[in-house]
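Structural overview
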Amino acid sequence: MRIRETFTHAVSALAIGALVAFTWPADADAEDKRVRWNMGSAFGSKLTQLGTLGVSLSEKVERSTGGNIRLKFFEPGALVPPLEMFDAISAGSLDAAWSTPGYWVGKDETFAMFSAVPFGPRAGEYLGWMYYGGGKELMDELYAEFNIKSITCGVIAPEASGWFRKEINSVEDMKGLKMRFFGLGAKVMEKMGVSTQLLAGGDIFPALERGSIDATEFSMPAIDLNLGFYQVAKHYYFPGWHQQATLFELMMNKDKYDALSETQKAQLEMACGDNVREGLAEGEAIQGAALAELQSKGVTIHRWPPEVLDTLNNAWTEVANELAAENPNFKKVWESYSAFREQYKIWDELGYL
């Protein structure tokens with residue numbers, strides 16, 4: 001009995017020692033300073049996906065951190081105008097923003113490569129390049145020049161090509177139009193003879209209504225429906241060649257981001273990762289009903305004929321080559337992106353119907 005008792009006590013001591021050795025420090029997170037950041041938004045909180053995903057992000061961060069990190073969502077313009085958030089974050093006068101990199105082409109056209117690429121990949125391929133093909137690292141490098149840290153924080157399914165007051169049957173019909181257009185696709189449209197301008201979401205409908213612009217693109221059917229473009233323009237074109245997938249971001253002042261603990265950084269990354277899941281799944285689920293409702297409101301849905309898409313694609317090739325020749329940053333990112341797509345092509349042809 002004594003031998004058995006001695007053995008039992010020894011095993012118990014070893015077990016207790018192991019538990020002590022592998023117990024996480026009780027105060028591991030207690031040292032993290034609470035984060036209370038103001039987060040401006042490029043999109044209104046009620047706007048389907050584009051805005052609601054920003055609100056969802058704010059809620060996820062607070063829930064998952066137990067309130068240790070709070071990103072207070074502010075409506076567009078409540079802190080600074082949406083298109084001025086970049087400079088405000090760079091300077092540190094604004095902590096963070098919910099936006100998309102394509103809004104910053106005025107700083108460097110290369111930013112648009114991390115948002116949406118004309119005739120580019122669907123969401124799966126795009127995220128593959130961003131996370132595993134070098135895209136994330138290149139984005140970090142570019143933003144760091146401006147003292148900004150950006151995390152990919154959402155993705156949505158393909159967009160529509162645009163709303164037009166009159167039917168467009170050829171590229172000739174586009175010449176002379178004034179159109180709101182986003183990102184790199186705007187440069188393609190300019191080669192078609194279209195005069196483009198970038199307007200924030202809330203400014204588009206008034207401009208379309210009073211005739212300041214003749215046409216607009218913005219997003220996918222469920223989102224465009226929410227903004228009421230069908231009240232002014234009745235011709236709706238697909239596919240959205242300029243945005244087959246669109247990435248969104250949590251943009252932060254880099255000094256403030258660097259001051260976060262590793263735990264806090266990981267929490268933000270995980271919340272953004274779940275936002276990517278939410279954006280893609282929701283976006284795919286809600287388009288059918290939105291298209292049916294738009295048709296019931298008298299909208300005519302068109303699909304671009306192959307010859308128009310071919311012309312636009314050729315124009316995009318010209319634009320990409322011109323930007324690569326002019327901008328070293330764009331050239332570096334374009335080469336990485338193109339190499340990934342070339343390798344991916346084998347899988348795309350074999351793996352998908």
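The model shown is predicted, which means the values in this text are computed figures rather than measured ones.

1. What about the confidence of the model for the chain?
With 91% of its residues at a pLDDT of 70 or more, the chain shows a mean pLDDT of 91. For the stretch residues 6–30, pLDDT sits under 50, and the model shows one contact to residues farther than four places along the chain or on other chains.

2. A look at helix H4 (residues 123–132)
Counting buried positions along H4 gives seven out of ten residues, so the element sits mostly inside the fold. Buried within H4 we find Ala 123, Glu 125, Tyr 126, Leu 127, Gly 128, Trp 129 and Met 130. Tucked into the core, H4 has its buried residues touching helix H5 (135–144), strand E4 (148–156), strand E10 (246–253), helix H10 (262–285) and helix H13 (328–351). Directly after H4, the chain includes Gly 134, whose backbone phi takes a positive value near 105 degrees.

3. Observations concerning the pattern of salt bridges
The full count for this structure, using the stated rule, is 20 salt bridges. Between Lys 60 and Asp 274 there is a salt bridge, with the nearest N and O atoms lying 3.1 Å from each other. Separated by 214 residues along the polypeptide, Lys 60 in helix H2 (residues 52–64) and Asp 274 in helix H10 bring together distant segments of the chain. When its relative accessible area of 8% is taken as the criterion, Lys 60 is described as buried. Classification of Asp 274 as partly exposed rests on a relative accessible area of 31%. The network of salt bridges with common partners includes Lys 60, Asp 274, Arg 277 and Glu 278.

Quick notes on the rules
Residues numbered from 1 in each chain as written. Predicted model: local features only at pLDDT ≥ 70, side-chain atom pairs only at ≥ 80, totals over all residues. Heavy atoms only, no water. pLDDT = per-residue confidence, 0-100. Contact = heavy atoms within 4.5 Å. Buried < 20%, exposed > 50% of the residue type's maximum accessible area, 1.4 Å probe, protein only. Helix = DSSP H or I, 4+ residues; strand = E, 2+ residues; numbered from the N terminus. Salt bridge = Lys/Arg side-chain N within 4 Å of Asp/Glu carboxyl O.

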